[in-house]
Amino acid sequence: MRKQPAKDGVGQLVLQIVFPEGRTSHGTEETQENGPEASSAPPAARSQPERKRKWYSLIDKVYTLSNLQQAWQQVAANGGAPGSDGMTIAKFGATADQRLEQLAADLRAKTYRPQPVRRVFIPKAGGGQRPLGIPSVRDRIVQQALRQILEPLFEAKFSSRSHGFRPEKGCATALSVVDRAVKHGYQWVVDADLQAFFDTVDHPKLIAALNEEIADGSVLGTPQGGPLSPLLANVYLHHFDTRMVQAGYGLVRYADDFVLFAQSEDAAVAALTLARQVLEEELGLRLHPEKTRVVSVAHGFEFLGFHYYRDPKTEQLRKEVRPKSVRRFREAIRARTPRLKNQRKPKARRLTPARLAKNQALRRMIADLNRFLRGWHWYFKAVWSPYATPFRNFDGFVRGRVRAAITGRVGPGWWNKRLPNALLRELGLIPLEEWHREYLSGQLAAPARKG
């Protein structure tokens, strides 16, 4: 990212631009984003009119105690690890009232300063590690408080094509538009990938975009990651949304992930040409040279965890869980089914329903699996598959991992007969196919969302 010196001027809320590396949300594609269904019409080329009013005084709204309390409730609900100061959610919550009053006083007196982020590394699906910056709980509260004030101002101008991290929108609404596009004759797609988006955001250009709505220098800073980053990403990419919509292209964007639709290959090539001009020349970003392409819907493309393509044998459109998401599913299941601690490999005669039902570690494992499987199915429930049981292989993998956790053995053997599917269901393990049958029959409601 182009780094600019942070100005510590009098009266400024100093929040240096340092975006988190990687995508806006890690694992977003597998989370519950249960936005409302959009209309059945194909994507239309339109944008909302720009607002003319400019806001000159906002900082006093940020530090009101009611706004900080609301921000704290959201931060607490989201959870997360402590920042560089070691302060946990639980410790902050023990004296939250006093801490929030002090935070309001610091903001009012213009003495608040953010703390350095804590740098951690998480494994990437394709190998290697991705660095992450974790702000302190106190700084996350300030960022959330800022977001609560700023978000309504920018929501009035954002394009309907932008779905990421917006009220009443999410992966579900973005995928709904994609579903309709491929069913309504859009045969060509620009399958694009922004390379190192947060590393390449241009500081002055972002400030200029913020300045279009805000003139209060006290809040014209940006945080080191955290709750405000998704909003700032949408602010930065709003110019791209506007240009593509004005040109008449079908756009669906979720944060820095997007696809463009066209009815011919030539139109798709023209869309990519314009997208490259706007993103690279005007916004200073980079399209990944190996992951950006013009492709037919029949050949297939991926978006938000799904793989769309046309079955060459039946000519039917398919929408399946993409291979990368399958690998992430398996990794998540493996992490939740370790070998039960302090347990020898049991003999067959000891694997009775009564004994297993009393195993508290097993009960906790199954409860954790059910929570994960419930949310994962709700995200991937809308697959288009020729099979009546599209999640059978996933269930087989889960049951195999549970058997391995209980017995310490993998592959074929007596333990598979001793621990049949029916027994695992009796112990409480709910298969994905059962969730799916309830969904298809209209009996399955959306799981409660965190926060």
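In the block above lies the structure referred to throughout.
In this text, all values refer to a predicted model and were calculated from it rather than measured experimentally. Each residue is numbered by its place in its chain's sequence as written, counting from 1. Local features in this predicted model are restricted to residues whose pLDDT is 70 or higher, and side-chain atom pairs enter the listing and the counts only when it is 80 or higher, whereas totals over whole chains, interfaces and linings include all residues. With hydrogens and water excluded, all non-hydrogen atoms of the structure serve as input to the side-chain values.

Report on the sheet that holds strand β4 (residues 250-254), specifying residues and quantitative values.
Here a strand pair is declared whenever DSSP counts at least two bridges between the two strands. Elements are defined by DSSP. Helices are runs of H or I of four residues or more, strands are runs of E of two residues or more, and each kind is numbered from the N terminus. Read from one edge of the open sheet, 4 strands run β4-β5-β3-β6, paired in antiparallel fashion. Two strands bound the open sheet, and with one partner strand each, they are β4 and β6 (293-296). Each neighbouring strand pair of the sheet contributes to a mean axis angle of 20 degrees, computed without reference to strand direction. In the sheet, strand β3 (residues 188-191) pairs with β6 via 4 bridges, with the strands oriented antiparallel. From the neighbouring strand, Val 189 faces β6, where its bridge partner is Val 295. In this analysis, axes come from line fits to C-alpha atoms, helices being fitted only over the stretch in contact, and the angle between any two N-to-C directions falls in the range 0 to 180 degrees.

Just give me the short version of the environment of Trp 415, but keep the residues and values in it.
When you line up the elements, Trp 415 lands in helix α15 (residues 414-418). Buried means the residue's accessible area, taken with a 1.4 Å probe over protein chains only, is under 20% of the maximum for its type, while exposed means over 50%, and partly exposed covers the values in between. Judged by relative accessible area, which is 11%, Trp 415 ranks as buried. Taking the C-alpha atoms as reference, Trp 415 lies 8.9 Å from Ala 404; in sequence the two are 11 residues apart. Contacts were defined at the residue level, with two residues in contact if any of their heavy atoms lie within 4.5 Å. Ignoring anything within four residues of it in the chain, the contact list for Trp 415 reads Arg 403, Thr 407, Arg 409 and Val 410.

Residues and numbers for helix α17 (residues 432-440), please.
For α17, the complete set of buried residues consists of Leu 432, Glu 433, Glu 434, Trp 435 and His 436. Along its buried surface, α17 packs onto α11 (323-336), α13 (360-380), α14 (392-407) and α16 (421-426). Where α17 terminates, the next one or two residues include Gly 442, which has phi positive at roughly 80 degrees.

An account of the nonpolar core is requested, with residue identities and associated values reported.
With 62 residues, the main nonpolar core has Ile 141, Phe 197, Phe 240, Phe 258, Leu 260 and Leu 279 as its most contacted residues. Once residues lying within four places of it in the same chain are set aside, the contact partners of Leu 279 are Leu 194, Leu 237, Phe 240, Phe 258, Gly 284, Leu 285 and Leu 287. Put simply, a nonpolar core is a bunch of buried Ala, Val, Leu, Ile, Met, Phe, Trp, Tyr and Cys residues held in one set by side-chain atoms that sit within 4.5 Å of each other. One finds Leu 175, Phe 301, Leu 356 and Met 365 within the second-largest nonpolar core, a separate group that totals 57 residues.

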